[in-house]
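A structural walkthrough
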Amino acid sequence: MGKIPGMLRREFLWVGGGAALAGKPASVLVHEHVLVDFVGADQIRPGRYDRGEVIRIALPKLEEVRKLGCRRLLECTPNFLGRDPELLARLSDAVGIEIWSNTGLYGAADHKYVPAFARSESAGQLARGWIAETRQAWRPRFIKTGVNRGPLDEIDRKLVRAAAITSRETGLKIASHTGDGAAAVEQLEIVTAERVSLEKLVWVHAQNERDHSMHERVARAGAWVEFDGIGPQTAEFHIECVHFMAAKGLLKRTLLSQDAGWYHVGEPGGGEFRGYAYLYTEFLPRLEPAQVALLMWENPRAAFGA
Ligand SMILES: [Zn+2]
């Protein structure tokens, strides 16, 4: 993919698009899931699902968005919640979309997905384990963590600190599932205290905070604000968020996605798998083409890497 801005612009406006993309602008989905297992860190183990079945179910959903222009999808299921890099690699090869996986640990949901070792290890010890993972063949491409609502408790603060240390060492960006604006602001302080630039931090699920002044505050501080719950029931608020950020001149710090999917481990046939197409077919047509280019291509690459 060309790095010249003019080239990117042309890809978007389709002054000569590629046949492989069927004339659709190239895009990145920054927060989706292929598979999640909610059983809990103390019970999760390999073999709780059939990879072949997951592929049969997920592949058509991914093919649908490849045809709509999706070139990369960040799969945000953390370790101990069903992260499966081998499954994602097989799907990626089959569909022709890059699927990125992650390192890190998820403290939200009252720490149900935090394994016992992470309760006793220090932030530095946790970070060493995550940094080691980045040298694995499957190569996590971002750090995924998660915290409860603010004020953060000690374990959440430790996970964010570990994420910041990992980011400082590896350059990877931190996508942090965040309960509310207070929790987001507290994370700004932790990341800054670890001497990590705030453009390394992505406030995941910013739509859960209804107070736009918090969105503005976090974006002005330099972090990314991700409105990632787009679906039929939530589209209006997400549109409001985009308009707010645009009015404040902060679309350059804004990301969009759907938090859609996924194969639910433990449910017959994986339960209800919500596809990834809604954003393309219903939501993006409501925005200006230049906004779409920024939000779906330029920003994801600036936030997470080209
Ligand atoms: Zn998610």
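Here the structure is shown first, and the text comes after it.
Definitions and limits used
Residues numbered from 1 in each chain as written. Predicted model: local features only at pLDDT ≥ 70, side-chain atom pairs only at ≥ 80, totals over all residues. Heavy atoms only, no water. Helix = DSSP H or I, 4+ residues; strand = E, 2+ residues; numbered from the N terminus. Contact = heavy atoms within 4.5 Å. Pairing = 2+ DSSP bridges. Axes fitted to C-alpha atoms, helices over the stretch in contact; angles between N-to-C directions. Salt bridge = Lys/Arg side-chain N within 4 Å of Asp/Glu carboxyl O. Buried < 20%, exposed > 50% of the residue type's maximum accessible area, 1.4 Å probe, protein only. Donors = N, O, S within 2.8 Å, 3.2 Å for Na, K, Ca; no water.

It is worth spelling out the environment of Lys248 at this point. Its location among the elements puts Lys248 in the loop between α9 (235–247) and β10 (254–256). Separated by 65 residues in sequence, Lys248 and Ala183 place their C-alpha atoms 22 Å apart. When near neighbours in sequence (up to four residues on either side) are disregarded, Lys248 contacts Glu216 and Arg220.

As summarised here, the arrangement of the 3 strands in space is β1-β3-β4, forming an open sheet in which the pairing is parallel. For this open sheet the edge positions go to β1 (27–32) and β4 (98–100), each flanked by a neighbour on one side alone. Between one strand axis and the next, the sheet turns through 20 degrees on average, direction left out of account. Summarising the sheet, strand β3 (residues 70–75) and β4 pair through 3 bridges and their orientation is parallel. Considered in β4, the bridge of Leu74 is made with Trp100.

The tally for this structure, following the rule as stated, stands at 13 salt bridges. As a salt-bridge pair, Arg48 and Asp37 come within 2.6 Å of each other at their nearest N and O atoms. Of this pair, Arg48 sits in the loop between β2 (35–36) and α2 (51–67) while Asp37 is found in the loop between β2 and α2, placing the two residues 11 residues apart along the sequence. Exposure remark for Arg48: the relative accessible area of 26% places this residue in the partly exposed category. Between Glu98 and Arg72 there is a salt bridge, with the nearest N and O atoms lying 2.9 Å from each other. Of the two residues, Glu98 is situated in strand β4 and Arg72 in strand β3; the sequence distance between them amounts to 26 residues. On the basis of relative accessibility, which here comes to 31%, the residue Glu98 falls in the partly exposed class. The exposure class of Arg72 is buried, given its relative accessible area of 5%. Here the residues in one salt-bridge network are Arg51, Asp84 and Glu86, joined through shared partners.

Bound to the zinc ion are the protein donor atoms His31 (NE2), His33 (NE2) and Asp259 (OD), situated 2.1 to 2.2 Å from the metal. When the donor residues of the zinc ion are listed from N- to C-terminus, their spacing reads H-x1-H-x225-D. Of the two residues, His33 sits in the loop between β1 and β2 while Asp259 sits in the loop between β10 and β11 (263–264), which places them 226 residues apart along the sequence. Each member of the pair, His33 as well as Asp259, is classed as buried.

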